[in-house]
Amino acid sequence: MLTKRQEEILKWVVKDYIELARPISSEFFEKRHNLKISPPTIRLEFQRLTKQGFLEKPHISAGRIPTDKAYRYFVDNFLEEKIFEIEKLINERIDEKLKLFQTLIKSLAQISKSLIFGYLEKEKMVFKEGWEEVLKEPEFLDKECVFRFLDFLEELEKEISDLKLNSAIKIYIGRENPFKKGKDFTLIVSKLKILQSSGIFALCGPKRMDYNKNIGLIESVRRYFEKYDRGRTKKGS
């Protein structure tokens, strides 16, 4: 169990790292945040959070970065989901399934700065958008990380239909990922009913991502199609 003070420190370390993409030192943290905690206490809590598996020290850096365990704690306890008006992203009512799917995926990729993966089960069709945006993330300056991401997406495309999904959103962070090659990445995925057909929306990117925005995006899409489907059902009855 984390104390209230440890929770507060962990929350801001995760937020800082997501924003800045650099290891966070206790000295930097103390100057950046006015939490009324003394520098020695912050150093001590950083050490405790590291021992508990929430933070880790990359290489010889003086700072620390969140672990998979820290991101999971953040998502489970501190999430402030942003809700988006999907109707405004589409700009028009589209009753043709492929066009709707493509338009929406392109908009989601631009907003999330992540790779958006769409799959229509009946047609066995896969759509991907967001390559240009996601590869701008600093993680992908490492070519090996790019290759691992491509391997992960290839595995995802081959096995997406085997995932046991329902309309609830699944969030897999790092080693939680059901795909062997996805241990360095986050996958946010949900199964949806799209114009009377089953489909899957997934958002993929580095573990260091804006969870508030990205989970909110997929949740907003899920709500949009639920509402859309109810509207069509009422018209048909």
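Now for a look at the structure at hand. Keep in mind it's a predicted model, so treat the numbers as computed, not measured.

### A look at helix 3 (residues 39-51)
1) Next: Between the first and last C-alpha of helix 3 there are 19 Å, a value that for 13 residues agrees with the 18 Å anticipated at 1.5 Å per step.
2) Next: Within the sequence span of helix 3, burial applies to Thr-41, Ile-42, Glu-45, Phe-46 and Leu-49. One face of helix 3 carries all of its buried residues, which in axial projection span an arc of 140 degrees.
3) Next: The inward-facing, buried residues of helix 3 abut helix 1 (4-20), helix 2 (26-32) and strand 1 (55-56).

### Quick word on the pattern of salt bridges
1) Next: Here the structure, examined in full by the defined rule, presents 21 salt bridges.
2) Next: Linking Glu-19 and Arg-32 is a salt bridge whose minimum nitrogen-to-oxygen distance equals 2.8 Å. With Glu-19 in helix 1 and Arg-32 in helix 2, this residue pair connects regions lying 13 residues apart in the sequence.
3) Next: Given a relative accessible area of 35%, Arg-32 falls into the partly exposed group.
4) Next: Here Arg-148 makes a salt bridge to Asp-184, at a shortest N to O gap of 2.6 Å. With Arg-148 in helix 8 (residues 143-159) and Asp-184 in the loop between strand 5 (170-173) and strand 6 (185-194), this pair connects stretches of sequence that are 36 residues apart.
5) Next: Residue classification places Arg-148 among the partly exposed positions, given a relative accessible area of 33%.
6) Next: Judged by relative accessible area, which is 34%, Asp-184 ranks as partly exposed.

Cut-offs used in this document
- Residues numbered from 1 in each chain as written.
- Predicted model: local features only at pLDDT ≥ 70, side-chain atom pairs only at ≥ 80, totals over all residues.
- Heavy atoms only, no water.
- Helix = DSSP H or I, 4+ residues; strand = E, 2+ residues; numbered from the N terminus.
- Expected span 1.5 Å × (residues − 1).
- Buried < 20%, exposed > 50% of the residue type's maximum accessible area, 1.4 Å probe, protein only.
- Arc of directions from axis to C-beta.
- Contact = heavy atoms within 4.5 Å.
- Salt bridge = Lys/Arg side-chain N within 4 Å of Asp/Glu carboxyl O.

Distances and angles like these do not, on their own, reveal function.
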